[in-house]
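Structural characterization, general
Chain by chain, the residues run as shown.
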Amino acid sequence: MHDTQHGNGKILAEMLAKELPSNYDVSVGDVKTTPAIKVAQETPHLLILGGAIRKFQGPKRTNKWLKTLSHELTITNTTIPYGAGTLTHMMPPDATNGYRKRFLKNVAKSPTITSWYGECLSTQVRGIKGPILESEFEKPKQFIKDIVAWAQL
Ligand SMILES: Cc1cc2nc3c(=O)[nH]c(=O)nc-3n(C[C@H](O)[C@H](O)[C@H](O)COP(=O)(O)O)c2cc1C
């Protein structure tokens, strides 16, 4: 899942999806147009949840969407075993440590997603609108490798 205004979050989500083994059933969606109930009904084995830092604030819309997802999962008494977070931003990665920490702290509160990967993938874009910096292109590959090993996919 991503929350895109200028397309960078979607590109990142698609890069991650492409790295997953091709025989897996993978869906990419925007939190603005994909109702949480749809994902709750699909109950994926792994949810990769993306957000963006905007106006010096964390991923508010993504956090809100996750809250609704948790609610829907509670109603159906189901859980998603694995979750991982990603953030896009224009600030240098070092300046986003606090945002990533807070994002992971927040998502970990959702009881219906059993286990969250301990690192949040951070992806820097150029300026306000992007594109994703070329130096960031290798990171999604390693992230998915690590996630696949961790979630025993
Ligand atoms: C209105 C606005 C405010 C932004 N503020 C910040 C910011 O405070 N810090 C930052 O690192 N990036 C900021 N950005 C850059 C966004 O993080 C970047 O546009 C986003 O991650 C790219 O995702 P998207 O193309 O999927 O929307 C801002 C972007 C916009 C449009």
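Refer to the structure presented above.
Residues numbered from 1 in each chain as written. Predicted model: local features only at pLDDT ≥ 70, side-chain atom pairs only at ≥ 80, totals over all residues. Heavy atoms only, no water.

The next point concerns the overall build of the protein chain. Assigned secondary structure in the protein chain consists of 5 helices and 4 strands. Principal axes of the C-alpha set define a box for the protein chain whose edges measure 40 × 35 × 25 Å. Taking all 153 residues of the protein chain together, the buried fraction comes to 46%. Contacts in the protein chain between residues at least 24 apart in sequence constitute 78% of all its contacts with a sequence separation of at least 6. Once the 20 positive and 13 negative side-chain charges of the protein chain are each reduced to a mean point, those two points are 9 Å apart. (Helix = DSSP H or I, 4+ residues; strand = E, 2+ residues; numbered from the N terminus. Buried < 20%, exposed > 50% of the residue type's maximum accessible area, 1.4 Å probe, protein only. Contact = heavy atoms within 4.5 Å. Lys, Arg positive; Asp, Glu negative; His and termini not counted. Charge placed at Lys NZ, Arg CZ, Asp CG, Glu CD.)

Further remarks concern the nonpolar core. One recurring pattern in soluble globular proteins is that nonpolar side chains are buried together. By size, the foremost hydrophobic cluster in this structure holds 22 residues, and its most contacted members are Leu47, Leu49, Trp65, Leu66 and Leu69. Those elements giving two or more residues to this core turn out to be α2 (36–42), β1 (46–52), α3 (60–75), β2 (80–89), α4 (97–107) and β3 (113–116). Dropping the residues within four chain positions of it, Trp65 is found in contact with Met1, Val31, Thr34, Pro35, Ala36, Val39, Leu47 and Leu49. Membership of the second largest hydrophobic core comes to 16 residues, among which are Leu16, Tyr117, Ile132 and Phe143. (Core = buried A, V, L, I, M, F, W, Y, C linked by side-chain atoms within 4.5 Å.)

Attention shifts here to the environment of Gly29. Topologically, Gly29 is positioned in the loop between α1 (8–19) and α2. For the pair Gly29 and Gly9, spaced 20 residues apart in the sequence, the C-alpha separation amounts to 10 Å. Those residues within four positions of Gly29 in sequence are excluded, and the remaining contacts are Met1, His2 and Thr34.

Position of Lys10 among the secondary structure elements: in helix α1. According to the relative accessible area criterion, Lys10 is partly exposed, its value standing at 40%. Through-space distance from the C-alpha of Lys10 to that of Val148 is 20 Å; in sequence the pair is 138 residues apart. Ignoring sequence-local partners within four residues, the contact set of Lys10 consists of His2 and Thr4.

Glancing now at the pairing of β3. As judged from the 3 bridges shared by β2 and β3, these two strands associate in the parallel manner. Each residue of the ladder has a partner; that of Tyr82, found in β3, is Ser115. (Pairing = 2+ DSSP bridges.)

Here the focus is the packing of aromatic side chains. For the structure on display, the rule yields 3 aromatic pairs. Centroid distance Tyr82 to Trp150: 4.9 Å. Interplanar angle 75 degrees. Geometry classified as edge-to-face. Separated by 68 residues along the polypeptide, Tyr82 in strand β2 and Trp150 in helix α5 (residues 139–150) bring together distant segments of the chain. Take Tyr82: its relative accessible area is 18%, and that puts it in the buried class. Judged by centre distance (5.8 Å) and plane angle (80 degrees), the rings of Tyr117 and Phe143 are edge-to-face. Pair noted here: Tyr117 is in the loop between β3 and β4 (121–124) and Phe143 is in helix α5, with a separation of 26 residues, a long-range link. The residues Tyr117 and Phe143 share a single accessibility class, namely buried. One aromatic cluster is present, formed by Tyr82, Tyr117, Phe143 and Trp150 through successive ring pairs. For Arg102, the ring lying beneath its charged end belongs to Tyr99, and the centroid distance is 5.3 Å. (Phe/Tyr/Trp six-rings, centres within 6.5 Å; stacked < 30°, edge-to-face > 60°. Lys NZ or Arg CZ within 6 Å of the ring centre and 35° of its normal.)

Take it as geometry only, folks, not as evidence of what the structure does.
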